Amino acid sequence: MKATYHKYILDFKRPSGTSRGVMTEKETWFIVLEDNEKKGIGECGILRGLSADDRPDYEQKLQWTCANIHLGVEALWDALIEFPSIQFGVEMAFQSLRSETPFLLFPSAFTKEEKSIPINGLIWMGEPAFMKQQIEEKLAEGFSCVKLKIGAIDFEKELDLLRFIRANFDENQIEIRVDANGAFGLNDALGKLTQISEFKLHSIEQPIQKNNTDRMAELCKTAPFPIALDEELIGVYSMDEKEALLLKTKPQYIILKPSFVGGFKGTQQWISLAEKHNIGWWITSALESNIGLNAIAQWTFLQQNLMPQGLGTGALYTNNFDCPLDVSEGQLWYKNDKKWQFDFHSI
């Protein structure tokens, strides 16, 4: 078996804003396995400035992984514990190699086009007029759950945007999730959560920066609506550490990005602990290309979580790979009449 790695830069159709800044492009890496005539591909979805494995030796570790691919998926997963995005890429590549085709990783009613996955509509940060335009588009497209990135523009303007949604749709019509990406201050977070609670929100992701677990635990206990941990899970590797974090903070939800938490195996560990402690969860992509998104969506369907998932990012890039994933009426479908437009030489 031969393994190679390849860098690929995804270009955003329009600059996309979070509380950490505006992105115009997204770096990703692919691992390609070749065994006689068969090929498999996995995506290592790193986000610079956020992923636990954003390290100077990242490419060196990819090189090591390809040189040691003979160790197999289990041994490599253990060896790559501090490189969760590479863990995911390796898992995906091996699953792709042993599948009937490189992109049909987990056959199910989803890949047979019999069932869909409910997803949220993502609203990026920007000027209020731009955010309002996105909200109107998502509502017109039939989404019943929208997720707003907040924390980068004036807080009063963000309140106005939430007010705009609720003036037109009540909580039974549209579920609103907000994601602060850690933007709120430790001292004013509860006040802000109290202010936005009037808009009957489903939850808020990561209101304060990670590694403030004492304060996060207080917020999870006292906030007027549910808190979901997201960035807080990054860089937490052992089962003991994961369980200790959940027991200390007692969040209402956790949000799982396979590229950030150790692929399918790491995600499954978090799910097991969450269910053990009656914590809700859902899965989101981490801005992967359609290759990674396809694998995440197929695996997510098998988990049978009926909540809207965060898997609607396939249309973000100008140079993504055409694939069978299709968003319609707030649902992600696998459309078998839409074919993959991908050539291994294109990466």
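Quantities reported herein were computed from a predicted structural model and do not represent experimental measurements.

Another point: the overall build of the protein. The helix and strand tally for the protein stands at 11 helices and 13 strands. Its C-alpha atoms give the protein a radius of gyration of 20 Å, within 12% of the compact-globule value 20 Å for 347 residues. When the backbone C-alpha atoms are referred to their principal axes, the protein occupies close to 60 × 45 × 35 Å. Relative to its 347 residues, the protein shows a buried fraction of 57%. Taking contacts inside the protein between residues at least 6 apart in sequence as the whole, the part at least 24 apart equals 69%. Put simply, the protein shows about 14,600 Å² of open surface, and 48% of that area lies on carbon and sulfur atoms. Within the protein, the 48 negative side-chain charges are centred at a point lying 1 Å from the centre of the 36 positive side-chain charges.

Attention now goes to the UniProt feature "domain: Mandelate racemase/muconate lactonizing enzyme C-terminal" (unreviewed entry) in the protein. Here, UniProt's "domain: Mandelate racemase/muconate lactonizing enzyme C-terminal" (unreviewed entry) annotation points to residues 128-226. Secondary structure over residues 128-226 splits into 45% helix and 13% strand, and the C-alpha atoms at its two ends are 25 Å apart.

A separate point is the sheet that holds strand β4 (residues 117-118). Taken together, three strands build an open sheet; the order of strands is β4-β13-β12 and the sheet is antiparallel. Every other strand in the sheet has two partners, leaving β4 and β12 (325-328) as the edge strands with one partner each. Relative to strand β13 (residues 331-334), β12 runs antiparallel, the two being bridged by four bridges. Residue L325 lies in a different strand from β13, and its bridge partner there is Y334.

The subject of this paragraph is the sheet that holds strand β7 (residues 175-179). The strand order β5-β6-β7-β8-β9-β10-β11 describes an open sheet built from seven strands, whose pairing is parallel. Looking at the sheet topology across the chains shown, the edges are occupied by β5 (121-123) and β11 (280-283). Pairs of neighbouring strands in the sheet enclose a mean axial angle of 25°, with direction left out of account. One ladder, built from four bridges, connects strand β10 (residues 253-256) with β11; its direction is parallel. Considered in β11, the bridge of I255 is made with W282.

What follows is about the packing of helix α7 (residues 213-222) against helix α8 (residues 239-249). Between α7 and α8, the least distance of the axes is 8 Å, while the angle of their chain directions is 50°. In this view, α7 runs oblique relative to α8, as classed from their interaxial angle. For the pair α7 and α8, contact is made by T213, D214, M216, A217 and C220 and by L245, K248 and T249, respectively.

This next bit is on helix α11 (residues 290-302). Within an α-helix, residues lying three or four positions from one another point in the same direction, as the helix has 3.6 residues per turn. Taking 1.5 Å per residue as the helical rise, α11 with its 13 residues ought to reach 18 Å, and the 18 Å between its terminal C-alpha atoms agrees with that figure. Among the 13 residues that make up α11, 12 are buried, leaving the element largely enclosed by the rest of the structure. For α11, every residue scored as buried is listed here: N290, I291, G292, L293, N294, A295, I296, A297, Q298, W299, T300 and F301. Following α11 by one or two positions, Q304 has its phi on the positive side, about 55°.

Here we take up the pattern of salt bridges. This structure, assessed with the given rule, holds 17 salt bridges. The network of salt bridges with shared partners includes K147, K149, D179 and E205.

About the cut-offs
Residues numbered from 1 in each chain as written. Predicted model: local features only at pLDDT ≥ 70, side-chain atom pairs only at ≥ 80, totals over all residues. Heavy atoms only, no water. Helix = DSSP H or I, 4+ residues; strand = E, 2+ residues; numbered from the N terminus. Rg over C-alpha atoms; globule rule 2.2 N^0.38 Å. Buried < 20%, exposed > 50% of the residue type's maximum accessible area, 1.4 Å probe, protein only. Contact = heavy atoms within 4.5 Å. Areas by Shrake-Rupley, 256 points an atom, 1.4 Å probe, with all protein chains shown as cover. Lys, Arg positive; Asp, Glu negative; His and termini not counted. Charge placed at Lys NZ, Arg CZ, Asp CG, Glu CD. UniProt positions renumbered as here; feature names shortened; annotations may be inferred. Pairing = 2+ DSSP bridges. Axes fitted to C-alpha atoms, helices over the stretch in contact; angles between N-to-C directions. Parallel < 35°, antiparallel > 145°, perpendicular 65-115°, else oblique. Expected span 1.5 Å × (residues − 1). Salt bridge = Lys/Arg side-chain N within 4 Å of Asp/Glu carboxyl O.

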